[in-house]
Amino acid sequence: MNKQMEMERGREKGDNNICEAETNSVDWRGRPSNSIKHGGMKAAAFVLGLQGFEIMGIAAVGNNLITYVINEMHFSLSESANIVTNFIGTIFILSLLGGYLSDSYLGSFWTLLIFAFVELSGFILLSVQAHLPQLKPPKCNNMLSTDNGDQLCEEAKGLKALIFFVALYLVALGSGCVKPNMISHGADQFNHQKQSKQLSRYFNAAYFAFSMGELIALTLLVWVQTHSGMDVGFGVSAAAMALGLITLVAGTLFYRNKPPQGSIFTPIAQVLVAAFLNRKHISPSDARMLHGTHTIKNVNPTLSHDNMGILLHTSRFRFLDKACIKVQDGNNTKEISRWRLCTITQVEQVKILISVIPIFACTIIFNTILAQLQTFSVQQGSAMNTKLTKNFHIPPASLQSIPYILLIFIVPLYDTFFVPFARKFTGHDSGITPLQRIGLGLFIATFSMVSAALMENKRRISAVNENKTISIFWITPQFLIFGLSEMFTAVGLIEFFYKQSLKGMQSFLTAITYCSYSFGFYLSSVLVSLVNKITSNSSHGGWLSDNNLNKDRLDLFYWLLAVLSFLNFFNYLFWATWYSKNQTTSATIQQDFNSKVVGDDSIA
């Protein structure tokens, strides 16, 4: 009866789909969305367009930035590598800001719109600086040096350096806040319970759009930068970003928008504060005595579990249960603020956040490897024979397009054939679980650095001992192997975090995955400095201290990363197994609860 009355109310309001009302999503005017008019792959396609254009612009800048910093801003090799890794690391750590603003105050659509303009302004300023000679140091040969080994070229300082870094970090701010919201806004176009397969397909489609954007950036746009100048190249990146903005706005009428929920940190902070304040109290042996414990009797059967966001008590991190202890005063319960008494659902959400931290941490080394492919491997290629034909040379930064050429074919095949095939055996909508996908990617990544070390050793021996310059294609295997690894790890990580049972925090959770990139690139900078310090002595510099790779020992640095990656894989296996055991128990309890709710719902 209650359900019939609810449906009647929906019809009176002009809502043709009761399920849409339950998701609390709205259209561009703030009215309840309609499943026929809003959402689905039709709406997500516009977001995928933005993603393709945005990555096209940022990749063309980021992947060839080290060439611009060395050749035109005249920083040293190690400084240039750190500038690039710090820039990219900042992009990803700022994704937390974008996720927070989206979930708490702006919503994903408005966050995308505002910060896409910020990113566009950064591209334009970079293009202006690259075009005007008075905003750059005088041109010179960066390989020349004095008898004492000092560089002759004037390094960018003062106003020139200020304009460069302002432009660079405007791009970082814009891109950082845009990235998590592109993924989450596209995924918000699907009902997570009824369209789980379509949602999984969307994540693969998002990676395909990413691969296409990277491929165009690393071939066409890098070629433009090399042959027409970095000013034109940065201008093309600005044009790509402008097209992305147009694509985003074009889909306005079709989006399902999730309204912001207010500060997402407040409920988390309340749990931590309440648990601390109640630390001296003893948790009851019966979890049903905790505040906010849900039973079948006190759940309204007309509401779906997905809408309620109810989570049941689990035994992990029991110290947080103290936040749910009811303080008794005689026979009456005191009126206590939310900073001293929280619900089980609040506590379980914090438990989920803590549980996923080790999974997140295990992908940092993976992204440290990615940092090398965007810095040292580009310089590695510059020291090799880039001639393809008599009159055509391959830009070293374009080497990174090799895996994406492969992936634009592999990703559709993976989604079309492998996922349905694997689904028959695993029963999982994604074919294999996100955790399995991440693990497979982390295992493959190690061999990318093994290949890089072997090829650099071969290149160095040929150059130093035989005075030969080997072909640039010798280093393609390290890019191919890592590209395959990234297809598993990056998509698996985003899917894993987005599907966690934390209502109203999807953009922020997606942003957490990008923080892995940030920490990976920052760790790269630390490792470069640390390795140089440890391996240097009075007569020789460190492994990476010289601008000449023939004098450096980049191959040993790659071997170090291969060992770290291999050890990290076993570390991941431990934490993934730990998480799965806890998640299995939690899921069993939750499924039992859901089945009972469904049973009550049918009776009603």
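This is a predicted model, so every value here is computed, not measured. (Residues numbered from 1 in each chain as written. Predicted model: local features only at pLDDT ≥ 70, side-chain atom pairs only at ≥ 80, totals over all residues. Heavy atoms only, no water.)

**Q** Mind showing me how you'd approach the overall build of the protein chain here?
**A** In terms of regular secondary structure, the protein chain is built from 20 helices and two strands. The buried share among the 604 residues of the protein chain stands at 52%. Partitioning the contacts of the protein chain with sequence separation of at least 6, the portion at a separation of at least 24 is 83%. Total accessible area computed for the protein chain in this model is approximately 26700 Å², and 62% of it derives from carbon and sulfur atoms. (Helix = DSSP H or I, 4+ residues; strand = E, 2+ residues; numbered from the N terminus. Buried < 20%, exposed > 50% of the residue type's maximum accessible area, 1.4 Å probe, protein only. Contact = heavy atoms within 4.5 Å. Areas by Shrake-Rupley, 256 points an atom, 1.4 Å probe, with all protein chains shown as cover.)

**Q** What exactly am I supposed to notice about the environment of Pro133 here?
**A** With respect to the helices and strands, Pro133 occurs in the loop between helix H7 (108-131) and helix H8 (158-187). By relative accessible area, which is 58% here, Pro133 ends up exposed.

**Q** For this particular structure, what's the right way to read the nonpolar core?
**A** The tendency in soluble globular proteins is for nonpolar side chains to be buried side by side. Core analysis: the biggest nonpolar cluster contains 152 residues, and Phe87, Phe164, Tyr202, Phe203, Tyr207, Phe376 and Phe557 have the highest contact counts within it. A total of 12 residues in this core trace back to one element, the largest contributor, which is helix H9 (residues 196-228). Dropping the residues within four chain positions of it, Phe164 is found in contact with Leu65, Tyr68, Val69, Met73, Ile83, Leu126 and Gln129. (Core = buried A, V, L, I, M, F, W, Y, C linked by side-chain atoms within 4.5 Å.)

**Q** Before we go on, may I ask you to explain the packing of helix H11 (residues 265-277) against helix H13 (residues 344-361) in this structure?
**A** A pair of packed helices is captured by two measures, namely the crossing angle of their axes and the spacing between those axes. Taken N-terminus to C-terminus, the directions of H11 and H13 make an angle of 95°; their axes are 9 Å apart at the nearest point. By the angle class used here, H11 and H13 are roughly perpendicular. Taking contact as the criterion, the partners of Pro267, Ile268, Gln270, Val271 and Leu272 in H11 are, on H13, Gln346, Val347, Val350 and Leu353. Class assignment for the residues of the contact of H11 with H13 results in seven nonpolar, two polar and no charged. (Axes fitted to C-alpha atoms, helices over the stretch in contact; angles between N-to-C directions. Parallel < 35°, antiparallel > 145°, perpendicular 65-115°, else oblique. Nonpolar A, V, L, I, M, F, W, Y, C, P; charged D, E, K, R; others polar.)

**Q** Any chance you could explain the side chain of Ser525 here in plain terms?
**A** As for its placement among the helices and strands, Ser525 is situated in helix H19 (residues 506-535). The exposure class of Ser525 is buried, given its relative accessible area of 9%. Within the local environment of Ser525, its side chain forms a polar contact with the side chain of Asn82, the two groups lying 3.5 Å apart. Among the polar contacts listed, one links the side chain of Ser525 to the side chain of Asn86, at a separation of 3.2 Å. (Polar contact = N/O pair within 3.5 Å; in protein donor to acceptor, adjacent residues only side chain to side chain.)

**Q** Just to check I follow, could you spell out helix H16 (residues 402-426) for this structure?
**A** Because each turn of an α-helix spans 3.6 residues, side chains separated by three or four positions end up pointing in the same direction. Taken as a whole, H16 carries its principal kink of about 40° at Tyr414. Within the span of H16, buried status applies to Ile402, Pro403, Tyr404, Leu407, Ile408, Val411, Tyr414, Asp415, Val419 and Ala422. Here the buried face of H16 lies against H9, helix H17 (434-464) and helix H18 (476-498). Positive backbone phi, approximately 75°, marks Gly427, located one or two places after H16. (Bend = angle between axes of the 7 residues up to and from the residue.)

**Q** So what exactly am I meant to see when it comes to the environment of Asn181 here?
**A** Positionally, Asn181 belongs in helix H8. Asn181 sits 86 residues away from Ser95 along the chain, and the two C-alpha atoms are 8.6 Å apart.

**Q** I would appreciate a short explanation of the packing of aromatic side chains in the present structure.
**A** The relation between two aromatic rings is expressed through the spacing of the ring centres and the mutual angle of the planes. On inspection of all chains with the given rule, the structure shows 31 aromatic pairs. Ring centres of Tyr68 and Phe164 lie 6.0 Å apart, and the angle between their planes is 40°; this geometry places the pair in the tilted category. Residue Tyr68 is located in helix H4 (residues 65-71), and its partner Phe164 is located in helix H8; the two are separated by 96 residues in the primary sequence. Overall, Tyr68 belongs to the buried group, its relative accessible area being 1%. By relative accessible area, which is 0% here, Phe164 ends up buried. (Phe/Tyr/Trp six-rings, centres within 6.5 Å; stacked < 30°, edge-to-face > 60°.)

**Q** Before we go on, may I ask you to explain the side chain of Asn532 in this structure?
**A** As for its placement among the helices and strands, Asn532 is situated in helix H19. Contacts of Asn532, omitting those with residues within four sequence positions, involve Ser78, Gly542, Trp543, Leu544 and Ser545.

**Q** Could you clarify how one ought to interpret a nonpolar patch on the surface in this entry?
**A** A cluster of nonpolar side chains, namely Phe443, Phe447, Phe566, Phe570 and Leu573, defines an oily patch on the protein surface of about 450 Å² accessible area. Secondary structure elements with two or more residues in the nonpolar patch: H17 and helix H20 (554-603). Here the nonpolar patch gets three residues from one element, more than from any other, and that element is H20. As for its placement among the helices and strands, Phe570 is situated in helix H20. (Patch = residues over 30% accessible without salt bridge, like charges linked within 9 Å, V, L, I, M, F, W, Y side chains within 5 Å. Salt bridge = Lys/Arg side-chain N within 4 Å of Asp/Glu carboxyl O.)

**Q** What should I look at first to understand the packing of H9 against H18 in this one?
**A** Where H9 contacts H18, the two axes come as close as 10 Å, and the packing angle between them is 135°. Here H9 is positioned oblique relative to H18, judged by the angle of their axes. Classified by chirality, the crossing of H18 by H9 is right-handed. Residues Leu199, Ser200, Phe203, Asn204, Tyr207 and Phe210 of H9 form the contact with H18, whose participating residues are Gly483, Glu486, Met487, Ala490, Val491, Ile494, Glu495 and Tyr498. Grouping the constituent residues of the contact of H9 with H18 by class yields nine nonpolar, three polar and two charged. (Left-handed = near helix turned anticlockwise from the far one by under 90°.)

**Q** Is there a simple way to explain unusual backbone geometry in this structure?
**A** Most of the time, phi is negative for any residue but glycine, and the peptide bond is trans. One non-glycine residue, Asn467, lies in positive phi territory at about 55°. Looking at the element boundaries, Asn467 is found in the loop between H17 and H18. Judged by its relative accessible area of 70%, Asn467 falls in the exposed class.

**Q** I keep staring at the confidence of the model for the protein chain and nothing clicks. Help me out?
**A** Close reading of the predicted structure is inappropriate where its pLDDT is low. A residue-level look at the protein chain finds 83% of positions with pLDDT of 70 or above and a mean pLDDT of 79. Taken element by element, the protein chain is modelled with least confidence in helix H2 (residues 18-22), mean pLDDT 36, and with most confidence in H7, mean pLDDT 92. Taken as a whole, residues 1-22 scores under 50 in pLDDT and shows 19 contacts with residues more than four places along the chain or in a different chain. Contacts of residues 295-308 to residues separated by more than four positions or lying in other chains number 26 contacts, the stretch itself having pLDDT below 50. (pLDDT = per-residue confidence, 0-100.)

**Q** Sorry, what's going on with the environment of Leu484 here?
**A** In this structure, Leu484 sits in helix H18. Taking C-alpha positions, Leu484 is 8.8 Å from Ile410, a pair spaced 74 residues apart along the chain. What Leu484 contacts, discounting residues up to four positions off in sequence, is Ile410 and Ile444.

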